[in-house]
2 protein chains.
Amino acid sequence: MAVDGEFFVGRVVRRDMDERSALRLLAADLPDAGDDAAVVDGLVVTTDMLHESTDFPAGTTRYTAGWRSVAASLSDVAAMGADATAAVAAYGAPSLEESELRDFVRGAREVCAAVGAEYVGGDLDTHEEFTVATTALGETDNPLLRSGATPGNVVCVTGALGRSAAALRAFEAGDCDRANDLFRFTPRVAAGVALRPYATAMMDSSDGLARSLHQIAEASDCGFAFEWDALPVHDAVTEYARDTDDERAMAAYFGEDFELVFTLPADAVDTARDALSIPITVVGQVTDEQIVANGDPVPDEGYTHADD
Amino acid sequence: MAVDGEFFVGRVVRRDMDERSALRLLAADLPDAGDDAAVVDGLVVTTDMLHESTDFPAGTTRYTAGWRSVAASLSDVAAMGADATAAVAAYGAPSLEESELRDFVRGAREVCAAVGAEYVGGDLDTHEEFTVATTALGETDNPLLRSGATPGNVVCVTGALGRSAAALRAFEAGDCDRANDLFRFTPRVAAGVALRPYATAMMDSSDGLARSLHQIAEASDCGFAFEWDALPVHDAVTEYARDTDDERAMAAYFGEDFELVFTLPADAVDTARDALSIPITVVGQVTDEQIVANGDPVPDEGYTHADD
């Protein structure tokens, strides 16, 4: 897989090696963890730690950092088909500048408001590297897991893929306003709730479509087949991609998109589409085994996140 | 105030200057924050970020780090008089060693189990400095705030003061087993719940008794008067303190003790004591104004935490 810039390569390679095995180890010990979020008595809980060197490229405003950090955790709540209720954020920085802190909190509050949740505060820490840890809470009596995909189902995604990969290109190109806009995605909480009656398995695309499909396949004991041309690719990807391979890498492998990847019976697609206020796209079919695109195997590559 | 070692001095001085004003700034924007934890529809939420250079001295085991990090957040739940339900922890370290991670999770799980909560997982992050962010959740329909102390009430503390200050001395002296034991305190969740019918104001002593009294005084518009000899001082403090002044600094100013500091009517003390399985000590009286010990003003000094 070709990814662009040390920023990507560093994180993809380093995290893949260590965190995946560490996470498998942890999941074995923790029965309530292991999906996008833990669910305890209907309460959905998920936490994420982000830091400057891998998550906030130069040019990321504190407003964007506040929005995006909290949004990443809210996306995990969305991926469970749960309502989002509240979020907190711990903010660590070398110095606590009033304007930066205000901007950060404004971003955190606004993204919570955008999904009907409340930002209820956090913690401050004098920390050598700008570091944010967010926790989002939600509610559901019937969480949507990764484990219900069945051959015969179709697999869909919300919105368009590659938005964060394009944002990184925009940062690299010095288009910081554009990049910050792209970085501030709206978590798919409303879509996740609306899909609850129809979807058989769901997660978010934060690890990239390819890895998401591998994870649903592993949890559901199934495979997937899709065509590259079926993927909904974000306009900004088309703009920044160097060629078709690059576009596919940005859309399917880079990840950090926070769209929902979900499966459902083919005959439920139209009803589900009518229930949502954002577009969904059928990208392929659930099969018995293997994950293939245009008939070729899709490697289990992407950005391994820590909440998998 | 005399505190020992750069480890302390650095954090006390640096945090005092920056975080307090930053936290005041944040509290103005966030009506649900500002006490030990936020409360939203009966759900108690609190988060903390800790990191190696200021929170985990050399010799702190990962088991202790997991226990103590989660315990710090559970203590904030306890301080609201709430039941603790669940906790998550995000773990950031330069490398993700299996044994360290297992030890960390074991500590986190055991402290949760000790207070009837469930450790439900977390996040992993490759991070230059060992950093932990914890979030604890609780439930209460009737949170105990800092704002209900009334002149005529008495002020009490649970357990004994100075345990963490003594732990730091033990780390400095190379008594690492002892230090780790002292560092793994049990959050006062059961006591907080049992005190709910009696206490008029409550918080934890994580900033030190002196600062806790100043914060309750500010929230309740009152004062306090206590005698130094009335303070319950941890045995380990007596052991490590150089002299009386040092002992008082360790017990009343250093903080990080995570005992409960609470006020209640004098005639409720015996009933409250009978309801608890741990000792409580009346240390002084609630007055109209000023905070004095043996008649002398008690400065608002200590360890300013980020959840104040």
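Look above for the structure.
Residues numbered from 1 in each chain as written. Chains lettered and ligands numbered in written order. Predicted model: local features only at pLDDT ≥ 70, side-chain atom pairs only at ≥ 80, totals over all residues. Heavy atoms only, no water.

Residues and elements named next belong to chain A. Phi is positive for E256, close to 65°, though the residue is something other than glycine. Take E256: it is sitting in the loop between α10 (244-253) and β9 (260-265). What makes E256 buried here is its relative accessible area of 6%. At N294, a position not held by glycine, the phi torsion is positive, near 50°. With respect to the secondary-structure elements, N294 resides in the loop between β11 (291-293) and β12 (296-297). (Helix = DSSP H or I, 4+ residues; strand = E, 2+ residues; numbered from the N terminus. Buried < 20%, exposed > 50% of the residue type's maximum accessible area, 1.4 Å probe, protein only.)

Looking now at the pairing of strand β10 (residues 280-287) of chain B. Bridge count between strand β6 (residues 153-158) of chain B and β10 of chain B: five bridges; the pairing is antiparallel. Its bridge partner lying in β10 of chain B, C156 of chain B is registered against V282 of chain B. (Pairing = 2+ DSSP bridges.)

So, on to the pattern of salt bridges. All names here are of chain A. Tallied over the full model, the rule gives 26 salt bridges over all chains. In this structure, D270 and R273 form a salt bridge, with 3.6 Å as the shortest nitrogen-oxygen distance. Highlighted residues: D270 and R273, both in helix α11 (residues 269-275), separated by three residues, approximately one helical turn. For R273, a relative accessible area of 33% gives the class partly exposed. Three or more residues are tied together by salt bridges with common partners; here these are D103, R106 and E110. (Salt bridge = Lys/Arg side-chain N within 4 Å of Asp/Glu carboxyl O.)

Next up on the list: the pairing of strand β7 (residues 201-204) of chain A. Residues and elements named next belong to chain A. Of the two faces of β7, the one lined by A201 and M203 and the one lined by M202 and D204 are each fully buried. Sheet topology places β7 next to β9; four bridges connect them, and they run antiparallel. Its bridge partner lying in β9, M202 is registered against F262.

Attention now goes to the sheet that holds strand β5 (residues 131-139) of chain A. Residues and elements named next belong to chain A. Spatially, β1-β2-β5-β3-β4 is the arrangement adopted by the five strands of the open sheet, whose pairing is mixed. Edge positions in the open sheet fall to β1 (38-40) and β4 (118-126), since each of these has one partner strand only. The average angle at which neighbouring strand axes cross in this sheet is 20°, direction not considered. The strands touched by helix α4 (residues 98-114) within the sheet are β3 (83-93), β4 and β5, with β4 carrying the most contacts at an inclination of about 150°. (Axes fitted to C-alpha atoms, helices over the stretch in contact; angles between N-to-C directions. Contact = heavy atoms within 4.5 Å.)

All right, on to the sheet that holds β11 of chain A then. Residue and element names in this part refer to chain A. Across the sheet, which stays open at both edges, the seven strands sit in the order β7-β9-β6-β10-β8-β11-β12 with mixed pairing between neighbours. Two strands in the sheet have a free side with no partner beyond their single neighbour: β7 and β12. Sitting on the sheet, helix α3 (residues 62-79) touches β7 and β9, and the angle it makes with β7 is about 175°. Relative to the sheet, helix α8 (residues 209-220) contacts β6 (153-158), β7, β8 (223-226), β9 and β11, its axis offset from that of β7 by approximately 145°.

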